[in-house]
Amino acid sequence: MSNPNEKSVAKSQRKQFDSIPRSEHVRIRAIKFAEISRVAQFASEHLPSLKLDDLSIFQRIVALDGDSIQIFEAGGEIVGLYAMLFLNRQGHCALVEEDFNCEDTAIGHLALNGEKPSAIYTWFVACPGRAVTGFGNVAELLQGERFAHADLYARPASAAGLRLMLGIGYEPVRSDPNGLHRYTRLPNRPQFSEQAA
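These lines cover the structure that appears in this document, whether it is placed above or below. Throughout, residues of each chain are indexed from 1 in the direction in which the sequence is written. The predicted origin of the model limits local features to residues at a pLDDT of at least 70 and limits the giving and counting of side-chain atom pairs to 80 or more, whereas totals for whole chains, interfaces and linings rest on all residues. Processing note: side-chain calculations cover all non-hydrogen atoms of the structure and skip hydrogens and water entirely.

**Some details on empty space enclosed by the protein**
With a 1 Å grid spanning the protein atoms alone, the term cavity applies to any set of points in which a 1.4 Å probe fits but cannot get out, the term pocket to an open set with protein on both sides within 12 Å along at least five of seven lines, and the term lining residue to any residue with an atom within 4 Å of a point. Grid points are joined across faces, edges and corners, and a volume is the space filled by probe spheres set on the points. Throughout the structure, instances matching the rule amount to one cavity of 30 Å³ or more. In this structure, the largest cavity encloses a volume near 40 Å³. As for the largest cavity, its lining consists of Ile 61, Leu 64, Asp 65, Ser 68, Met 84, Leu 85, Phe 86, Leu 110 and Ala 111. Among the elements of the structure, α3 (56–64) and β3 (77–87) are those that each provide at least two residues to the lining of the largest cavity. The numbering of helices and of strands both runs from the N terminus, where a helix is a DSSP run of H or I of at least 4 residues and a strand a run of E of at least 2. Ranked by the residues each element gives to the lining of the largest cavity, the list is headed by β3, at three residues.

Given below as structure tokens:
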């Protein structure tokens, strides 16, 4: 059995979402309202378990904040998607108190366009093949002033998704029986604050 110091060193040396390098092969950009149908089709093809028959969910979220859905492009083609819900304090509380349904998100749970979110929930990710390298571009976007202090939450939809999340610093939220995981942003960690002081 390893001692606690060894565990904390191993944990600190693990790859962190905030430190993933950006990709030069993939470009990311916010979705445009006119692209919702095409993007929903792409998501459905790569994530058949995702129920996207009702485009009104997409429309509500994109109308509120287009940055919520990032399109990954390579060679002018859509190669991936990264969809997030920017939660305000009320939405953050609902998430951790298990009173949150991402497929029926209350607008009152979402941060207004330009408002700093209290937390960011990863709604879904569709990044087949090399498109996954675009994660670094999303990490760069989320290091901007608006997002840098909002911890990330997600529920893995597959064993591969769980491995990926654990590999970039997510940890299970022990109090949640439905597989919620949290990534504590580097600026929110005590050791980071101490180093910056």
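Alright, that's what it looks like, and here's the rest.
**What about the packing of aromatic side chains?**
Aromatic rings from Phe, Tyr and Trp, with only the six-membered ring used for Trp, were paired whenever their centres fell within 6.5 Å, and each pair was classed as stacked if the ring planes differed by under 30 degrees, edge-to-face if by over 60, and tilted otherwise. Under the definition given, this model contains seven aromatic pairs. Connected via pairs of aromatic rings, a cluster forms that spans Phe 17, Tyr 170 and Tyr 183.

**What to know about the environment of Ala 83**
Structurally, the position occupied by Ala 83 is in strand β3. Categorising residues by exposure relies on relative accessible area from a 1.4 Å probe, with only protein chains included: less than 20% of the type maximum marks a residue as buried, more than 50% marks it as exposed, and the intermediate range marks it as partly exposed. With relative accessibility at 0%, the residue Ala 83 sits in the buried group. Spatially, the C-alpha atom of Ala 83 lies 9.9 Å from that of Ala 30, the residues being 53 residues apart in sequence. The contact definition used throughout considers only heavy atoms, calling two residues in contact when any of these lie within 4.5 Å. Residue contacts for Ala 83: discarding those within four places in its chain leaves Ser 68, Ile 69, Tyr 121, Thr 122, Trp 123 and Phe 124.

**Digging into the layout of surface pockets**
Considered as a void within the structure, the largest pocket measures approximately 680 Å³ in volume. Taken together, 29 residues form the lining of the largest pocket, with Leu 47, Phe 124, Val 125, Arg 155 and Ala 157 sitting closest to its centre. At the level of elements, β4 (119–126) and α6 (159–167) are the ones that each hand at least two residues to the lining of the largest pocket. The element best represented in the lining of the largest pocket is β4, accounting for six residues. Charged means Asp, Glu, Lys or Arg here, nonpolar means Ala, Val, Leu, Ile, Met, Phe, Trp, Tyr, Cys or Pro, and polar covers whatever is left, Gly included. Taken together, the residues of the lining of the largest pocket sort by class into 22 nonpolar, five polar and two charged.

**Points about the pairing of β4**
The buried count for β4 comes to seven of eight residues, which makes it a mostly enclosed element. Strand pairing requires that DSSP identify at least two bridges connecting the strands. Where β3 meets β4, seven bridges bridge the pair, whose relative direction is antiparallel. For Leu 87, the partnering residue across the bridge sits in β4 and is Ala 119. Sheet topology places β4 next to strand β5 (residues 151–154); three bridges connect them, and they run parallel.

**Let's talk about the side chain of Arg 146**
Mapped onto the elements, Arg 146 comes out in the loop between α5 (135–141) and β5. In this structure Arg 146 comes out as buried when scored by relative accessible area, which is 15%. At a separation of 2.7 Å, a polar atom in the side chain of Arg 146 contacts the side chain of Asp 65. Pairs of N or O atoms are called polar contacts if they sit within 3.5 Å, as long as, within protein, a hydrogen donor faces a hydrogen acceptor (for residues adjacent in sequence, only side-chain-to-side-chain pairs). A distance of 3.4 Å separates a polar side-chain atom of Arg 146 from the backbone oxygen of Leu 112. For Arg 146, the residues in contact, after removing those within four places along its chain, are Asp 65, Asp 67, Phe 86, Leu 112, Asn 113, Gly 114, Glu 115, Lys 116 and Pro 117.

**Here's the deal with the pattern of salt bridges**
A pair is scored as a salt bridge if a Lys or Arg side-chain nitrogen falls within 4 Å of a carboxyl oxygen belonging to Asp or Glu. Using the criterion set out here, one finds eleven salt bridges in the structure. Residues Arg 27 and Glu 73 are paired through a salt bridge, measuring 2.4 Å at the closest nitrogen-oxygen approach. Here Arg 27 is found in strand β1 (residues 27–30), whereas its partner Glu 73 is found in strand β2 (residues 69–74), with 46 residues between them in sequence. Among the residues examined, Arg 27 registers a relative accessible area of 49% and is labelled partly exposed. A salt bridge links Glu 35 to Arg 38, with the shortest nitrogen-to-oxygen separation between them at 3.5 Å. Here Glu 35 falls in the buried class, since its relative accessible area comes to 10%.

**A closer look at the nonpolar core**
Ranked by size, the top nonpolar core spans 32 residues in total, and within it Leu 81, Leu 85, Tyr 121 and Trp 123 carry the most contacts. Within the residue set of this core, elements represented by two or more residues are α2 (36–46), α3, β2, β3, α4 (89–96) and β4. Buried residues of nine kinds, namely Ala, Val, Leu, Ile, Met, Phe, Trp, Tyr and Cys, make up a nonpolar core once their side-chain atoms join them within 4.5 Å. Core analysis: the second largest hydrophobic core is formed by 25 residues, Phe 17, Phe 86, Ala 139 and Tyr 170 among them.

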